[in-house]
Amino acid sequence: MSQSLMPNESRVTAVLRSPTLFVREILAGVITALALIPEVISFSVVAGVDPKVSLFASVVLCLGLSVMGGRPAMVTAAAGSVALVIGPMVHQHGAQYILPAVLLAGLIQILFGALGMARLMRFIPQAVMTGFVNALGILIFFAQVPHFWSRSPLIVGLFVLTLLIVLWAPRYIKSIPSPLIAIVVLTIYTVTSGQLLPTVGDEGSIGGGLPGITQMLVPLDLHTLSIIWPCALSIAFVGLMESLLTAKLVDELTATPSSKRRESMGLGVANIMAGFFGGIAGCAMIGQTIVNVEMGKGRSRVSTFAAGLVLLLLVTALSEVMAKIPMAVLAGIMAIVAIKTFNWQSIRPATVKGAPVAETLVMLVTVGATVSTGNLAIGVVGGIIMMAILPARLRRHSAATAETASPAQEK
């Protein structure tokens with residue numbers, strides 16, 4: 001995986017002084033925003049809410065964490081893991097309980113950060129982190145399969161062309177991210193040629209103006225609390241776990257530190273803001289973060305702030321243009337993200353043979369639990385439990401990697 005290109009490129013002041021860095025950060029934000037849209041829309045269906053709600057909440061989360069978050073270049077939006085825990089409550093009690101549940105979850109996250117409990121994340125074993133990353137790569141890839149696995153030669157052709165452009169364009173064009181080239185060129189082709197293909201617009205309604213402040217439709221009493229507290233706890237801790245694990249991953253990718261305490265508190269505040277202006281919570285989006293950091297080379301808060309602004313522009317003024325982007329093209333980009341995310345070194349025969357048995361078992365349990373449930377938080381908890389119940393004799397061999405700190409001191 002790539003490292004940071006300049007020692008100070010994650011600083012906003014350095015980016016604003018350098019036209020080259022500024023353009024790179026803005027373009028990274030553009031492709032990140034485009035990569036967010038179909039996934040956010042699909043998650044809104046899981047949560048049982050209007051796609052517009054998730055999209056505008058994602059704008060608030062992305063912009064909010066760009067300023068308040070502790071990990072520059074990490075992308076936060078309405079995520080699938082949060083949608084999974086909100087969905088059952090919505091289906092059972094109704095969407096009117098989302099706002100109080102999100103507000104309570106945000107307060108829990110602020111408290112978690114204020115008490116310094118985010119430091120506990122550094123004790124997650126490296127084997128669990130490896131399993132977490134590998135499971136994520138698998139989930140991202142298989143989520144794209146329905147968008148390109150088709151009897152239509154045109155859909156398959158667009159998918160393959162996207163792969164070729166994203167992989168080969170950087171050899172000849174350095175200044176523009178190759179995913180952006182693929183999206184623009186192939187969308188223009190499908191529109192001008194009159195081809196009828198599945199597009200972003202087919203995933204859900206995305207047009208319209210800005211939403212107003214979300215109204216509280218239920219009384220804040222003990223009955224409401226009895227309904228929302230299990231969901232609020234799940235939102236809070238699933239969101240925290242995914243965000244802090246993603247922050248740790250980006251720390252390693254960029255060889256720069258982050259403040260997990262600030263990230264926890266920022267996530268809580270941003271979720272409360274998203275609750276009032278959108279209505280649904282979120283957390284770090286790992287796939288889109290990889291798009292920003294690896295494919296767009298985004299390193300600063302400028303890239304994620306740009307992503308939030310571009311997303312806002314796309315779902316308002318440019319919604320008709322965005323709706324014409326073929327899903328096969330976005331699937332090709334995310335398939336490459338999945339391949340880049342997966343830690344191929346961890347499954348090489350030489351690595352497996354030389355690794356402690358405990359690490360391999362924990363990694364496999366983490367992957368298996370995550371892929372089978374579709375929930376990254378369950379996978380991580382499963383891996384930690386597996387490490388805890390392994391015989392001490394096996395754990396001793398893994399003791400050296402049980403704690404992986406960031407490249408610099410965490411705050």
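Criteria and cut-off values
Residues numbered from 1 in each chain as written. Predicted model: local features only at pLDDT ≥ 70, side-chain atom pairs only at ≥ 80, totals over all residues. Heavy atoms only, no water. Phe/Tyr/Trp six-rings, centres within 6.5 Å; stacked < 30°, edge-to-face > 60°. Helix = DSSP H or I, 4+ residues; strand = E, 2+ residues; numbered from the N terminus. Lys NZ or Arg CZ within 6 Å of the ring centre and 35° of its normal. Axes fitted to C-alpha atoms, helices over the stretch in contact; angles between N-to-C directions. Parallel < 35°, antiparallel > 145°, perpendicular 65-115°, else oblique. Contact = heavy atoms within 4.5 Å. Nonpolar A, V, L, I, M, F, W, Y, C, P; charged D, E, K, R; others polar. Buried < 20%, exposed > 50% of the residue type's maximum accessible area, 1.4 Å probe, protein only. 1 Å grid on protein atoms, 1.4 Å probe; cavity = no way out; pocket = protein on both sides within 12 Å on 5 of 7 lines; lining within 4 Å. Points joined across faces, edges and corners; volume = space filled by probe spheres on them. pLDDT = per-residue confidence, 0-100. Salt bridge = Lys/Arg side-chain N within 4 Å of Asp/Glu carboxyl O.

Caption draft 1: Layout of the packing of aromatic side chains. On inspection of all chains with the given rule, the structure shows five aromatic pairs. Taking 6.1 Å as the distance between ring centres and 75° as the angle between the ring planes, the aromatic pair formed by Phe112 and Phe237 counts as edge-to-face. On the criterion of sequence distance, the pair formed by Phe112 in helix H5 (residues 98-114) and Phe237 in helix H9 (residues 222-254) is long-range, its members being 125 residues apart. With a centroid separation of 4.6 Å and 45° between ring planes, the pair formed by Phe342 and Trp344 is classed as tilted. Through successive ring pairs, a cluster of aromatic residues spans Phe141, Phe142, Phe148 and Phe159. One residue, Arg171, lies across the ring of Trp168, its end atom 4.0 Å from the ring centre.

Caption draft 2: Molecular detail of the packing of H9 against helix H17 (residues 376-389). At a minimum axis distance of 9 Å, the contact between H9 and H17 shows a crossing angle of 75°. Between H9 and H17, the angle falls in the class roughly perpendicular. Two secondary-structure elements touch here, H9 through Val238, Met241, Glu242 and Leu245 and H17 through Leu376, Ala377, Val380 and Val381. Of the residues in the contact of H9 with H17, the class split is seven nonpolar, no polar and one charged.

Caption draft 3: View of unusual backbone geometry. Positive phi is not limited to glycine here, since Ala73 has a value of about 75°. Phi at Lys297 is positive, roughly 60°, even though this residue is not glycine. For Lys297, the position within the fold is in the loop between helix H11 (286-295) and helix H12 (301-315). Owing to a relative accessible area of 28%, Lys297 belongs among the partly exposed residues under this scheme.

Caption draft 4: Seen up close, the layout of surface pockets. Quantified by volume, the largest pocket comes out at close to 670 Å³. Along the walls of the largest pocket sit 34 residues, with Glu39, Phe43, Gly80, Leu139 and Ala143 positioned nearest its centre. If you list the elements that add at least two residues to the lining of the largest pocket, you get helix H2 (19-47), helix H4 (80-93), helix H6 (126-148), H11 and helix H14 (327-341). The element that contributes the greatest number of residues to the lining of the largest pocket is H6, accounting for eight residues. Partitioning the lining of the largest pocket into residue classes produces 21 nonpolar, 10 polar and three charged. Of the volumes computed, that of the second largest pocket is approximately 490 Å³. Every residue lining the second largest pocket is counted, 23 residues in all, and those nearest its centre are Lys174, Pro177, Met295, Gly296 and Lys297. Residue assignment for the lining of the second largest pocket shows that the elements contributing at least two residues are H2, helix H7 (153-168), helix H8 (178-192), H11 and H14. It is H2 that provides the largest number of residues to the lining of the second largest pocket, a total of five residues. Residues that form the lining of the second largest pocket fall into these classes: 13 nonpolar, five polar and five charged.

Caption draft 5: Examining the packing of H4 against H9 more closely. Orientation of H4 relative to H9, taken along the N-to-C sense of each, is 170°, at an axis distance of 8 Å. The pairing of H4 with H9 is recorded here as roughly antiparallel in orientation. In this structure, H4 contributes Ser81, Val82, Val85, Ile86, Met89 and His93 to the contact, and H9 contributes Ile227, Ile228, Cys231, Ser234, Ile235, Val238 and Glu242.

Caption draft 6: Inspection of the confidence of the model for the protein at higher detail. Taken residue by residue, the protein gives an average pLDDT of 84. The fraction at 70 or more is 90%. Within the protein, helix H18 (residues 392-396) has the poorest average pLDDT of any element, 58, and H5 the best, 95. Ignoring residues within four places in sequence, the model shows residues 1-7, a span with pLDDT below 50, making 19 contacts including any to other chains. This model gives residues 400-411 a pLDDT under 50, and the stretch forms 28 contacts once residues within four places in sequence are excluded.

Caption draft 7: Examining the pattern of salt bridges more closely. Tallied over the full model, the rule gives three salt bridges. For the salt bridge of Arg24 with Glu25, the shortest nitrogen-to-oxygen distance reads 3.5 Å. For Glu25, a relative accessible area of 0% gives the class buried. A salt bridge links Lys260 to Asp251; the shortest N-O distance between them is 2.7 Å. Overall, Lys260 belongs to the buried group, its relative accessible area being 3%. Members of the salt-bridge network, linked through shared partners, are Arg71, Asp251 and Lys260.

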